[in-house]
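Residue strings, one per chain:
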Amino acid sequence: MWRNFKDSFIKDNPVFSMFLGLCSVLAISTTFNNAVGMGLCVTIVLIFSNVIISLLRKLISNEIRIPVYIVVIASLVTIVEMLVHAYAPSLYRSLGVFLSLVVVNCIILGRAEAFASKNDVFSSAADGFGMGMAYTFALVLISVVREFLANGSVIFYDPFDPEKVIFGFAFESLKPYTMPLAASSVGAFLVFACFAAFFAMLKNRAADKEKEADKQ
Amino acid sequence: MKKAMLSVLLLALVAALAGAAITYVNGITEPVIEENVANEERENLLKMFPDGEFIELDGYTMNDCILSVYEAKDRGYVVKAAAYGYNTSTPIIVLIGFDKDGKTIGISALQQQETSGYGARCFEKIFMEDTYVNKTADDKIDTLSGATRTSSAMQKIMEAAFEAVSEVR
């Protein structure tokens, strides 16, 4: 289980090595704040959808499984969206349409199909948590680089009270050298590609090591 | 046949439960959301006229631009207006304050996602204060080169706002 959890961060990271859910990753990783908010929303939906689908897995026949998954996921996303809208309006505004688009995030449907429909409730919940955290981790990595390059600062606000800054750092001396490109979609692709290459390198190295160990 | 019926029943049951859950959460969150929206609108209006008392007005010609017109008691008017600039998916929404004679006294952008470095320059504080504040309906409103579509949208908003204010005055 722990191994699974660790693997989901680097070897099987849903974003960097399976290339799932890229649409929202590229769009929402403009600021650290958005990344954390989006990551948590996806994690919550993932855990609950995995748990519910795992509970229903013996009842659902093969023919209707996809409609059932969609109904479950869509209602969870709607509920999360309404809660965010009511209690964290500033986060709701900055996530915009991408919050509703969590419904079609392929990580969630993918985990429902590949894991929750075959495993027991507890490990499905753990899998949802692991995958959600790995997605958040990927988003945070990209967003920190993008926000730093574009603004020369990284700031995290309290989502329930946008006036309050929880933590942040800013380099005033870097302000004249910021790159607005990083905040645009081009920047998203560039930063994402660099990280994806780095993670592929880590993965290949691990594979090579295993091979050599096998030879000896 | 029996299996198909069971499947249909199960799907219907899941859908019904999901619907019930959504309705329940909606019942809790809807009043909070409405209150948030009303508070936010009031806070924006207060930026134009601190300590003002606001009444929503009608009696202006409805068009695409004007979202709402408020009267700040004895002090002037606030117009909320929207138009599309270069970004055709997110409209520009601005709040414009007028004094009793129909002269603009303030403007603030509530929402805009124009291209940064180009159209977004229209919403820089210095440009906005120079271009849109202290104007009457007869003044010409400047545009910004390199941001033609954004500033045309702003001109459209200003024209519509002047018209609406002259109608309610």
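1. Examining the overall build of chain A
Turning to step 1, where the next piece is worked out: Along the backbone of chain A there are 9 helices and 2 strands.
Turning to step 2, where the next piece is worked out: For chain A, the sequential pattern of α-helices and β-strands runs α-α-α-α-α-α-α-α-β-β-α.
Turning to step 3, where the next piece is worked out: Against the globule reference of 17 Å for 216 residues, chain A gives a C-alpha radius of gyration of 19 Å, in line with a compact fold.
Turning to step 4, where the next piece is worked out: For chain A, with 216 residues in total, the buried portion stands at 38%.

2. Considerations on the sheet that holds strand β2 (residues 66-72) of chain B
Residue and element names in this part refer to chain B.
Turning to step 1, where the next piece is worked out: Taken together, 5 strands build an open sheet; the order of strands is β1-β2-β3-β4-β5 and the sheet is antiparallel. Among the strands making up the open sheet, the edge pair consists of β1 (54-57) and β5 (104-111). Between one strand axis and the next, the sheet turns through 25° on average, direction left out of account.
Turning to step 2, where the next piece is worked out: Of the strand pairs in this sheet, β1 and β2 are connected by 4 bridges, and their pairing is antiparallel. Residue pairing across strands places L57 opposite V69, the latter belonging to β2.
Turning to step 3, where the next piece is worked out: Docked against the sheet, helix α3 (residues 148-168) engages β1, β2, β3 (76-83) and β4 (92-99), running at close to 145° with respect to β3.

3. Brief notes about the confidence of the model for chain A
Turning to step 1, where the next piece is worked out: Overall, the predicted model of chain A reaches an average pLDDT of 88, with 99% of residues at or above 70.
Turning to step 2, where the next piece is worked out: The weakest mean pLDDT in chain A belongs to helix α1 (residues 2-7) of chain A at 71; the strongest belongs to helix α3 (residues 32-56) of chain A at 93.

4. So, the nonpolar core
Turning to step 1, where the next piece is worked out: Residues C41, V45, V72 and A138 of chain A are the most contacted members of the largest nonpolar core, which totals 49 residues.
Turning to step 2, where the next piece is worked out: Contributing elements (two or more residues each) for this core: α2 (22-28), α3, α4 (65-87), α5 (89-95), α7 (106-116), α8 (121-151) and α9 (185-215) of chain A together with α1 (2-48) of chain B.
Turning to step 3, where the next piece is worked out: Once residues within four sequence positions are removed from consideration, A138 of chain A is found in contact with N13, V15, F16 and V25 of chain A.

5. Description of unusual backbone geometry
Turning to step 1, where the next piece is worked out: For F19 of chain A, which is not a glycine, the phi torsion comes out positive at approximately 55°.
Turning to step 2, where the next piece is worked out: When you line up the elements, F19 of chain A lands in the loop between α1 and α2.
Turning to step 3, where the next piece is worked out: We classify F19 of chain A as partly exposed; it has 13 C-beta atoms within 10 Å.
Turning to step 4, where the next piece is worked out: Its identity is not glycine, yet N134 of chain B carries a phi of approximately 70°, on the positive side.

6. Some thoughts on the domain arrangement of chain B
Residue and element names in this part refer to chain B.
Turning to step 1, where the next piece is worked out: Here chain B is partitioned into domain 1 (1-48) and domain 2 (51-168).
Turning to step 2, where the next piece is worked out: A C-alpha centroid distance of 34 Å is found between domain 1 and domain 2.
Turning to step 3, where the next piece is worked out: At the interface, 5 residues of domain 1 touch 9 residues of domain 2.
Turning to step 4, where the next piece is worked out: In terms of residue class, the side of domain 1 that touches domain 2 is made up of 3 nonpolar, 1 polar and 1 charged.

7. Some details on the packing of α8 of chain A against α9 of chain A
Residue and element names in this part refer to chain A.
Turning to step 1, where the next piece is worked out: Where α8 contacts α9, the axes come no closer than 10 Å and their chain directions differ by 130°. For the element pair α8 / α9, the angle class is oblique. Seen along the crossing, α8 lies across α9 with a hand that is right-handed. Contacts between α8 and α9 involve L141, I142, V145 and R146 from the former and G187, A188, V191, F192 and F195 from the latter.
Turning to step 2, where the next piece is worked out: The residue makeup of the contact of α8 with α9, split by class, is 7 nonpolar, 1 polar and 1 charged.

Rules behind the numbers
- Residues numbered from 1 in each chain as written.
- Chains lettered and ligands numbered in written order.
- Predicted model: local features only at pLDDT ≥ 70, side-chain atom pairs only at ≥ 80, totals over all residues.
- Helix = DSSP H or I, 4+ residues; strand = E, 2+ residues; numbered from the N terminus.
- Rg over C-alpha atoms; globule rule 2.2 N^0.38 Å.
- Buried ≥ 20, exposed ≤ 12 C-beta atoms within 10 Å, placed from the backbone.
- Pairing = 2+ DSSP bridges.
- Axes fitted to C-alpha atoms, helices over the stretch in contact; angles between N-to-C directions.
- Contact = placed C-beta atoms within 7 Å.
- pLDDT = per-residue confidence, 0-100.
- Core = buried A, V, L, I, M, F, W, Y, C linked by C-beta atoms within 7 Å.
- Domains from an automatic or database assignment.
- Nonpolar A, V, L, I, M, F, W, Y, C, P; charged D, E, K, R; others polar.
- Parallel < 35°, antiparallel > 145°, perpendicular 65-115°, else oblique.
- Left-handed = near helix turned anticlockwise from the far one by under 90°.

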